[in-house]
2 protein chains.
Amino acid sequence: MEETGSLYEREPPVPPGEYVRVNHGTLREFARKIFAAAGLRTDDAWVVADVLVTADLMGISSHGVQRTRRYVDGLLTRCVNPRPEVRIVRDRGATVLLDADNGLGHIAGVKAVEVAVDKARRYGTSLVLVRNSHHYGIAGYYSLKAVERGFIGVSATNSEPLVAYVNTVGRTLGTNPIAVGIPTRSPPPILFDAATAVVPVGKVEMYARLGRGVPEGWVVDSEGRVLSGDASKVLSEIRAGRAAILPLGGLGEEFGGHKGSGLAFVVDVISGVLSGAAWGARVGYTVGAAPANVGHSFAAIDVEAFMSREEFYERIESYVREVKSLRKHPDADGVWIPGEKAWKTMATRLRIGIPVHVRVCEELNSIAEKLGLSERIC
Amino acid sequence: MEETGSLYEREPPVPPGEYVRVNHGTLREFARKIFAAAGLRTDDAWVVADVLVTADLMGISSHGVQRTRRYVDGLLTRCVNPRPEVRIVRDRGATVLLDADNGLGHIAGVKAVEVAVDKARRYGTSLVLVRNSHHYGIAGYYSLKAVERGFIGVSATNSEPLVAYVNTVGRTLGTNPIAVGIPTRSPPPILFDAATAVVPVGKVEMYARLGRGVPEGWVVDSEGRVLSGDASKVLSEIRAGRAAILPLGGLGEEFGGHKGSGLAFVVDVISGVLSGAAWGARVGYTVGAAPANVGHSFAAIDVEAFMSREEFYERIESYVREVKSLRKHPDADGVWIPGEKAWKTMATRLRIGIPVHVRVCEELNSIAEKLGLSERIC
């Protein structure tokens, strides 16, 4: 944690010398041009760029612009359809099924939230499922889109297998995140956004960069051994497909591994099985021989279906105040509301720029060059 | 685990000599008479008895008939209203707000599921919130009620404070469980039912009975020390209010304590803040000076809003088969679908009876006697 005056970054650039600070608008525009050059429509390119840059702003660099290559590769190999026509397959009033037409998940995701909010405005709540999609970036982006309209927003997705189902070895589940955004009278909104795995792979990558040891309880190999220590070694086992991330709750059932695994399973049943998408180990990657067929879920709740907006704001503000005044654990860095760290990081990075690793800069420049763009990002 | 032929109990009676096997119908009828004698209407008494006995059948004895005394005390002291009129406060189409009239949560819960299913049948999905309620027993009971009607059922509730919010000491959150039931063509249905705490207090109680040591990572005291070892000592610290259960993910953020804590918070915001009920440390107990004002959430999803029932069943059966054929971790007792252990325990106990601890028998007999009933349970 770095905290200087009002500056705060939950994932500060380490070592700082390897990073360049880039203005968020510049970075978004650069990414937009790349995706447009890779075949996306102008508006769709902006959406994908905005999701990536928002992740970087929030300090979730694993889901930020460093994903550009993966998406561009998917587009250029036509594993991903660059010009998807997202269409409504079924509409039952408060529920809608969308087909993403094998495009990037961000495009269908933004459309799905719009539909979910419209439906919730009419019926109080809604559930929109999406099939035939791809990776959609950070789940929280879509929840915040609902929050911007004054609604409670829920977003969840399945993803390519990386996590061990409880009591098994190998990779069966995605990190299958769940995000819930809750509006407040004034920023920050509340944003719970969590993988149902104990950690994202991005955290192991960060530990490898920092030379830190992986604690016991994050990763299990194909023989059932818990891998810990040297993060670079653990990371290479994961990348080689010989290790899996453990579910939230860890190995076995003693600390609730069945709960994290069960949550991931439930997310998968609703996002994948019920939507008509793939599930479990069948979910594909952005760059593959076949469409990934990722499935997403979105729900919205109209606060005013239950009480006046004013009353809700007063009540949620009381709860937030009560949490912030709790007695801090002696070892903790602070008492945080869900989403607060991300919000403070965003506020900081809107002011001082997003730290982009020099290797990511080079990769983005190289992608731009290959696509015939003359700009360079850094 | 005890497995004899096709008999399986996930929480076997230990030591067996301290338990009496009671037929589930006999136990339900006995409990029903107790609640009727304590002032509930006949139908309501049956519902409360059925929720308790179902918990015992499923091997969740912490939420079984041993709770009878707590409920009866609440009824007799009029902390709980014995004759609640559950009423609809708001209806926006797919959303309904119910007021439980300060009755036991089971009564409002069963009504709420009926409303949720009716609404989902019409609009595809629904969200029913309940305020001014009390403890409602096992969350999964209500999800299964939706499953019985062919719907996906979601149930969640807040509860009296017992769990530490991440990075704090003291008790702020309830164990705030989430249950999701998913219909299948033939039993067992899928039932995810989990407290957002790392363990329920019932597990510490069980460890105390078995003389087992509590592992590091379940309980934190008011100074932030993790309590482990002698379960009886840990339990007495919890009962004295000097210790809290940790959220799923454990202490701090290294293993995702912010995720378990965040899930509990989100359950509380929707069940408590948005419904008009109490939240956080304000949620009361069944026996207190004031109404508990517990809040619940129920949602239903009509599978046929997204695909034919037949197609859904085929897909979910495939997923279940795929999970059951995964390679088991060498230390695990088996590979289980969410709810499978509970279902097998129920099948066993429907045949051979529910093990009721002799002390619980005596307590039930004593309650019955005080209420003027001539029957004895065992």
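Residues numbered from 1 in each chain as written. Chains lettered and ligands numbered in written order. Predicted model: local features only at pLDDT ≥ 70, side-chain atom pairs only at ≥ 80, totals over all residues.

**Observations concerning the pairing of strand S7 (residues 152-157) of chain B**
Residues and elements named next belong to chain B.
Here's step 1: Burial analysis of S7 places six of its six residues in the buried class, which makes it a mostly covered element.
Here's step 2: Alternating residues of S7 divide into Ile-152, Val-154 and Ala-156 and Gly-153, Ser-155 and Thr-157, and every residue in both groups is buried.
Here's step 3: Judged from the six bridges that link them, S7 and strand S13 (residues 294-301) form a sheet pairing that is antiparallel. Along S13, the bridge assignment pairs Val-154 with Ala-299. (Buried ≥ 20, exposed ≤ 12 C-beta atoms within 10 Å, placed from the backbone. Helix = DSSP H or I, 4+ residues; strand = E, 2+ residues; numbered from the N terminus. Pairing = 2+ DSSP bridges.)

**Observations concerning the interface of chain B and chain A**
Here's step 1: Contacts between chain B and chain A engage 67 residues on the former and 66 residues on the latter.
Here's step 2: Contributing elements (two or more residues each) for the side of chain B that touches chain A: strand S5 (95-99), helix H4 (105-123), strand S6 (125-133), strand S8 (178-182), strand S9 (190-194), strand S10 (213-221), helix H8 (257-273) and helix H9 (309-324) of chain B.
Here's step 3: Class assignment for the residues of the side of chain B that touches chain A results in 36 nonpolar, 21 polar and ten charged. (Contact = placed C-beta atoms within 7 Å. Nonpolar A, V, L, I, M, F, W, Y, C, P; charged D, E, K, R; others polar.)

**Remarks on the domain arrangement of chain A**
Residues and elements named next belong to chain A.
Here's step 1: Examined at the domain level, chain A breaks down into domain 1 (1-76 + 353-378), domain 2 (84-197 + 255-336) and domain 3 (199-245).
Here's step 2: Computed from C-alpha coordinates alone, the two centres of domain 2 and domain 3 are separated by 26 Å.
Here's step 3: The interface of domain 2 with domain 3 comprises nine residues on the first partner and nine residues on the second.
Here's step 4: When its residues are assigned to classes, the side of domain 2 that touches domain 3 shows six nonpolar, two polar and one charged. (Domains from an automatic or database assignment.)

**What to know about the packing of helix H6 (residues 201-210) of chain A against helix H7 (residues 231-239) of chain A**
Two quantities define a packed helix pair, namely the angle between the axes and the distance from one axis to the other.
Residue and element names in this part refer to chain A.
Here's step 1: Running from N to C, H6 and H7 cross one another at 145°; their axes reach a closest spacing of 8 Å. Our pair here, H6 against H7, has a crossing hand that is left-handed. Every residue of H7 that contacts H6 at Val-201, Val-204, Glu-205, Tyr-207 and Ala-208 is listed here: Ala-231, Ser-232, Val-234, Leu-235 and Ile-238.
Here's step 2: Its residues assigned to classes, the contact of H6 with H7 shows eight nonpolar, one polar and one charged. (Axes fitted to C-alpha atoms, helices over the stretch in contact; angles between N-to-C directions. Left-handed = near helix turned anticlockwise from the far one by under 90°.)

**Things to note about the sheet that holds S8(B)**
Backbone hydrogen bonds are what pair the strands of a sheet, in a parallel or an antiparallel way.
All names here are of chain B.
Here's step 1: Reading across from one edge, S4-S5-S6-S13-S7-S8-S9 is the order of the seven strands in this open sheet, with mixed pairing throughout. At either end of the open sheet lies a strand with only one pairing partner, and these are strand S4 (87-91) and S9. Taken over all neighbouring pairs, the strand axes of this sheet differ in orientation by 15° on average, direction set aside.
Here's step 2: In this sheet, S8 lies alongside S7 in antiparallel orientation, the contact comprising four bridges. Paired with Ser-155 across the two strands is Ala-179, which belongs to S8.

**Considerations on H8(B)**
Here's step 1: Taking 1.5 Å per residue as the helical rise, H8(B) with its 17 residues ought to reach 24 Å, and the 22 Å between its terminal C-alpha atoms agrees with that figure.
Here's step 2: Extensive coverage of H8(B) is indicated by the burial of 17 of its 17 residues. (Expected span 1.5 Å × (residues − 1).)

**Quick word on the packing of helix H1 (residues 24-37) of chain B against helix H2 (residues 42-57) of chain B**
Residue and element names in this part refer to chain B.
Here's step 1: At their nearest, the axes of H1 and H2 sit 8 Å apart, and the two run at 140° to each other. Classified by the interaxial angle, the pair formed by H1 and H2 is oblique. In the packing of H1 onto H2, the handedness of the crossing is right-handed. Across the interface between the two elements, His-24, Leu-27, Arg-28, Ala-31, Arg-32, Phe-35 and Ala-36 of H1 pack against Thr-42, Ala-45, Trp-46, Val-48, Ala-49, Asp-50, Leu-52, Val-53 and Leu-57 of H2.
Here's step 2: Looking at the contact of H1 with H2, its residues break down into eleven nonpolar, two polar and three charged. (Parallel < 35°, antiparallel > 145°, perpendicular 65-115°, else oblique.)

**A look at the relation of the copies chain B and chain A**
Here's step 1: With an RMSD of 0.0 Å, the fit of chain B onto chain A corresponds to turning through 180° and sliding 0.0 Å along the axis. Both copies are brought into coincidence by an operation consistent with a two-fold rotation axis. Considering only C-alpha atoms, the residue of chain B closest to the rotation axis is Gly249(B), which sits at 2.7 Å. (Least-squares fit on C-alpha atoms with pLDDT ≥ 70 in both.)

**Examining the pairing of S13(B)**
All names here are of chain B.
Here's step 1: In terms of residue burial, S13 counts as a mostly covered element, since eight of its eight residues are buried.
Here's step 2: Alternating positions in S13 separate into two faces, Val-294, His-296, Phe-298 and Ala-300 on one and Gly-295, Ser-297, Ala-299 and Ile-301 on the other, with burial throughout.
Here's step 3: Of the strand pairs in this sheet, S6 and S13 are connected by seven bridges, and their pairing is antiparallel. Bridging from a neighbouring strand, Ser-126 pairs with Ala-300 of S13.

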